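Here is how the chains run, residue by residue.
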Amino acid sequence: MKSLLKKIFLLSSVFIIPINAQETASATATGSFSVLGYTTVTRLADLMFGDLVLGDNTTVQPTSPKAAQFLFNGSPNTRVQISITYPRDLTCGSNTLRFHSTSAVFNTISNPTTATPFLEATGGEATTGNDGNLYIWVGGRVMAKKKQPVGSYNGLMKIIVVQP
Amino acid sequence: MRFMYIILCLFLGNSIFYCQQNLSVIKLNDIYFGSDFGGKEKRLKHTDDGTAKFQIHSKIETDIVITILIPNYFINANGLEKIPISFSDENAGWSTVDNISSRITFDPRQPLILSIKENQIIYVWIGGILHPSQSQRSGKYTGNITLTVQTLPRN
């Protein structure tokens, strides 16, 4: 039994000594920095409905030369969020002409015929091109009442592009 | 047999006692360089706000060596874009008290050997120098700094 005790004691000593000799502890901190991107949005063209006959309506498709056109420039090949706000009415003094949003399209080159439609007329996600460009075209529809006062009607459309 | 069982329990008890960690390191703060446009160097001295802060505690009096694993780059979310990061001796400091005036500057690229008393706390602050390029892609970039403390055997 004494011999066994001696073995256990020696065994525990063998285990204990190296464990107590050196200890290590560590912790990790995460560093972060956000690079801001230079971005611009330029209006290239207004949405032009042209002349309208009383009691008639007209629609401008986003692929039409009459569509509003914007150019966003930011970081290349980057996913961005586009948000388009339409006027409720076009106005001429105190007279109003009801405006209806229809659809909008985007492309990385200046060609609306090969553009991709947004899922919603109010915009959505898109990816900039190799040069950071993203072209956006916006259409709309207006309807003149039979007794619509004549005049030149206009309204403001806003576009917001968020680049992360 | 019962006697052997008692001895075995004593042995395990001893082992557990001796395995207890006398040394601990806690991260108190991450490093935050803020946000800015590319092309501007971002320097974070150890006395600036936003540095990483660590707390070292020892239950026993001992000598320790502190080594810091520092990254070469901060990397963006897709892992493809990098910002080089460098360090100098203005970027790291340590102190036994938690204030700026008592901090001692050291080079985080080299191991630091210190003596720590029983139940003493040592604080370590680490900053760095980020070098975003003029054409740096926008977005968030991150990197890890790991501080490791090892006790040294005393003669």
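Not measured: the values here are computed from a predicted model.

Overview of the overall build of chain B
Argument step 1. Each helix and strand counted, chain B has one helix and 13 strands in total.
Argument step 2. A burial count over chain B gives 28% of its 155 residues as buried.
Argument step 3. Nonlocal contacts in chain B, meaning residues at least 24 apart in sequence, comprise 75% of its contacts between residues at least 6 apart.

With respect to the interface of chain A and chain B
Argument step 1. Chain A puts 28 residues into the contact, and the matching count from chain B is 48 residues.
Argument step 2. If you list the elements that add at least two residues to the side of chain A that touches chain B, you get helix 1 (2-21) and strand 1 (24-36) of chain A.
Argument step 3. It is strand 1 of chain A that provides the largest number of residues to the side of chain A that touches chain B, a total of 13 residues.
Argument step 4. When the residues that make up the side of chain A that touches chain B are grouped by side-chain class, the tally is 14 nonpolar, 13 polar and one charged.
Argument step 5. As defined by bridge partners, strand 1 of chain A adjoins strand 2 (residues 31-37) of chain B across five bridges and the pair is classed as parallel. Paired with A:Leu36 across the two strands is B:Phe37, which belongs to strand 2 of chain B.

Some remarks on the sheet that holds strand 9 (residues 116-117) of chain A
Residues and elements named next belong to chain A.
Argument step 1. Spatially, the five strands line up as an open sheet ordered 2-4-11-8-9, and their pairing is antiparallel. The open sheet has two edge strands, strand 2 (40-45) and strand 9, and neither has a second partner.
Argument step 2. Summarising the sheet, strand 2 and strand 4 (residues 68-73) pair through five bridges and their orientation is antiparallel. For Arg 43, the partnering residue across the bridge sits in strand 4 and is Phe 70.

Points about the environment of B:Asn78
Argument step 1. Within the secondary structure, B:Asn78 is located in the loop between strand 6 (73-76) and strand 7 (82-86).
Argument step 2. In this structure, the C-alpha to C-alpha distance between B:Asn78 and B:Tyr141, residues 63 residues apart in sequence, is 9.7 Å.

A look at the pairing of strand 5 (residues 62-69) of chain B
Residues and elements named next belong to chain B.
Argument step 1. Two elements, strand 5 and strand 10 (residues 112-116), share five bridges in a ladder whose sense is antiparallel. Bridging from a neighbouring strand, Val 65 pairs with Ile 113 of strand 10.
Argument step 2. Sheet analysis places strand 5 next to strand 13 (residues 139-152), joined by seven bridges and oriented antiparallel. From the neighbouring strand, Thr 67 faces strand 13, where its bridge partner is Thr 148.

What counts and how
- Residues numbered from 1 in each chain as written.
- Chains lettered and ligands numbered in written order.
- Predicted model: local features only at pLDDT ≥ 70, side-chain atom pairs only at ≥ 80, totals over all residues.
- Helix = DSSP H or I, 4+ residues; strand = E, 2+ residues; numbered from the N terminus.
- Buried ≥ 20, exposed ≤ 12 C-beta atoms within 10 Å, placed from the backbone.
- Contact = placed C-beta atoms within 7 Å.
- Nonpolar A, V, L, I, M, F, W, Y, C, P; charged D, E, K, R; others polar.
- Pairing = 2+ DSSP bridges.

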